[in-house]
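# Fold and geometry: a report
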Amino acid sequence: MDAILDLLSDPRRIAAAAFVALAVKSLLDRLTRPKDLPPFYSETPYIPWLGSIVQFATGPREFLQRAALSTGTGCFTVQLFGKQMTFLTGSDGHAHFFKARENQFDIREAYAMTVITFGPGVCYDCPQSKMAQQFAFFKNGLSDECFVRYMDLVQEEAASFFESEWGDEGEACLLESLSDLFTLTSSRCLLGDEIRAKWKSSGMAEHYLALDHSFVPILFFFPWIPNPHRNKCVTARKLFEKMFKETIEERRKNPSKEKSNDFLQVLMEAKYRDGTALTVTEITGIMIGVLLGGQHTSNVTGTWLMSHLFKSKEWMDEIMDEQARIFSTENLDETLHPAKLSFADVQKMEVFDKALSEALRLHPPFFQLSRAVKIPSKFKGYNIPEGHIVNVSPGASHRLPDLWGDDADSFDPDRFSPERKNDIKPYGWIPFGGGMHQCGGRKFAWNSLKVSLSWLLRNYELEFVGKGAEELPKEDYTTMVVAPTSSHTRVRYRRRKPSRN
Ligand code: HEM
């Protein structure tokens, strides 16, 4: 008894005892591990309970690739913060992940931390059938057909943003500029003209930052940790809800006025299968979801693409030639700016499509997609048991030789050419995920990126300066989407002048 009291009287001894207990438990778990579980992968130093966190935090892509190559099974488990994280790789592994039933691999539990940002009763905080219906609303409002209506709005926003923020010449951080631009284009096309007009003056722009900052990666492992942004999020959501309530009431009061063509209108008219309409709280949460879902994913993708194009003259020339062909001109300067694109023009940008696909292969914004295992399943004879977190990693898999060959690290848009496209294995290219949760905004993102970046290239001469002039950015894993290091994304720009000769 005295020995125990003695131990409890000193915090250092408590810590040491806890560490020894964890180490013993970890060793016992390893020794008694059932043989049919996926191979367990670890490297030195392996810390009890924390597991492989050092390797994962410092170089997640390389770590998972070493694990995949060393186990060679397309399925392995690593330990992070006491959790058993099972990764599925390769074409078959990805198919197993994306084809699983919702009640088998549960997305809601894996992304439970989003409730602070989107609010209760929205997206992953719903019963399965309601969540599926909400995601179907997303898909309806973000389709190609809807984008035809958004085309001009995106171009107007791009023109006014660069006019007011960049001017004729100067230097800027491309990552930040595209981030600001995509917030404005999304708010214009999706939230509606009324909200876009009040975006800055109402304080929404400022409160939006609080929502954005609330995605803290550690919450993925411990959604119960008090989120330091919680109170700010509640305040921000209240303001957003007030603004949407006013706008919706105003629109309903004036039914004779021409109907708006935006995503807000789609949600106002949407009905669940039982005939009920969405509440303003639900509309607000979904709107926050589309804004956050689209902004960083699009701006990091745009910046990675530009970083590669400016390092690869041959591809940049092809992109500019394609722009010239679309405008049927020999003289780029005369017609490329400030001319407007039509939706049909955007579909003709095949070189752009290839380059964008390749940028997303090398730099998928979501490094890892996760689900909580609720019902065990068998993969290649291994048992993936209840309680594991099952994952696919676009970031690691997109560079594995079994899917992309020995030159998987090089930028080669021709992988997506009509001749070679058929070589891509099923579920080999997964920047937008797959199966029932495949990205609902992928068409909107694709079209917005093409329209905005084509506008930028046609209107400005650009060059990367500083570190980004010499080398490609590194991957920054500290944010929820994998961004290029901002120190490498400074550009010097000069507006192209229409020449009339
Ligand atoms: C380059 C841009 C984008 C990338 C790479 C991307 C990637 C992804 C990925 C990987 C998922 C699946 C997550 C999972 O399975 O765990 C996803 C889901 C989703 N994304 Fe995107 N996204 C992009 C842009 C957008 C935009 C612009 C929007 C909306 C305007 C959007 C809305 C959504 C929605 C609603 C879902 C959930 C779909 C569902 O679970 O049914 N995304 N996205």
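Where an unreviewed UniProt entry is consulted, the chain appears under the name Cytochrome P450, with the organism given as Trieres chinensis. Under Cofactor (unreviewed entry), UniProt gives the following word-for-word description of the chain: "heme".

Within the structure, the ligand sits among 25 residues, and Tyr-111, Arg-371, Pro-431, His-437 and Cys-439 are positioned closest to it. At 2.8 Å from an oxygen atom of the ligand is found a side-chain nitrogen or oxygen belonging to Arg-371. One of the side-chain nitrogen or oxygen atoms of His-437 is found 2.6 Å away from an oxygen atom of the ligand. Among the elements of the structure, helix 8 (128-141), helix 15 (280-309), strand 5 (369-373) and helix 23 (442-459) are those that each provide at least two residues to the shell around the ligand. Within the shell around the ligand, the residues separate by chemical class into 14 nonpolar, nine polar and two charged.

Looking now at the coordination of the iron atom of the ligand. In this structure, the iron atom of the ligand receives exactly one donor atom from the protein: Cys-439 (SG), at 2.3 Å. For Cys-439, the location among the structural elements is in the loop between helix 22 (418-421) and helix 23.

It is worth spelling out the pattern of salt bridges at this point. Scanning the model with the defined rule gives 33 salt bridges in all. Between Glu-157 and Arg-188 there is a salt bridge, with its nearest N and O atoms 3.1 Å apart. Of the two residues, Glu-157 is situated in helix 9 (residues 144-165) and Arg-188 in helix 10 (residues 174-191); the sequence distance between them amounts to 31 residues. For the residue pair Glu-157 and Arg-188, the accessibility class agrees, reading buried in each case. Arg-494 is the salt-bridge partner of Glu-461, the closest N and O atoms lying 3.4 Å from each other. With Glu-461 in strand 9 (residues 460-464) and Arg-494 in strand 12 (residues 490-495), the pair connects residues that are 33 residues apart, well separated along the chain. The partly exposed category is assigned to Glu-461, whose relative accessible area is 36%. Of the residues examined, Arg-494 reaches a relative accessible area of 45% and is grouped as partly exposed.

A cluster of nonpolar residues, Val-20, Val-24, Leu-27, Leu-28 and Leu-31, forms a patch on the protein surface that exposes about 500 Å² of accessible area. Within the secondary structure layout, Leu-31 lies in helix 2 (residues 11-31). Residue Leu-31 is classed as exposed on the basis of its relative accessible area of 64%.

Conventions used here
Each chain carries its own residue numbering, running from 1 in the written order of its sequence. In view of the model being predicted, local features appear only for residues whose pLDDT reaches at least 70, and side-chain atom pairs are presented and counted only at 80 or more, with totals across whole chains, interfaces and linings using the full set of residues. Each side-chain value is worked out from all heavy atoms of the structure, with water and hydrogens disregarded. UniProt positions are given in the numbering used here, feature names are shortened, and annotations may be inferred rather than shown by experiment. The criterion for a residue being near a molecule or strand is simple. One of its heavy atoms has to lie within 4 Å of it. Here a polar contact means two N or O atoms within 3.5 Å. Within protein one must be a hydrogen donor candidate and the other an acceptor candidate, and residues neighboring in sequence count only if both atoms are side-chain atoms. The numbering of helices and of strands both runs from the N terminus, where a helix is a DSSP run of H or I of at least 4 residues and a strand a run of E of at least 2. Three classes are used, and their members are as follows: Ala, Val, Leu, Ile, Met, Phe, Trp, Tyr, Cys and Pro are nonpolar, Asp, Glu, Lys and Arg are charged, and the others, Gly among them, are polar. For Na, K and Ca the donor cut-off is 3.2 Å, and for all other metals it is 2.8 Å, counting N, O and S atoms only; because water is absent from this set, sites may look incomplete. Within this document, salt bridges are pairs made up of a side-chain nitrogen of Lys or Arg and a carboxyl oxygen of Asp or Glu, the two lying within 4 Å of each other. A simple rule labels every residue: compare its accessible area, found with a 1.4 Å probe on the protein chains alone, to the largest value its type can have, and call it buried under 20%, exposed over 50%, or partly exposed in between. Patch membership is restricted to residues that have no salt bridge and whose relative accessible area is over 30%. Joining uses 9 Å for like charges and 5 Å for the nonpolar side chains Val, Leu, Ile, Met, Phe, Trp and Tyr. In short, Shrake-Rupley with a 1.4 Å probe defines the accessible areas, and a residue's cover is counted only from the protein chains shown.

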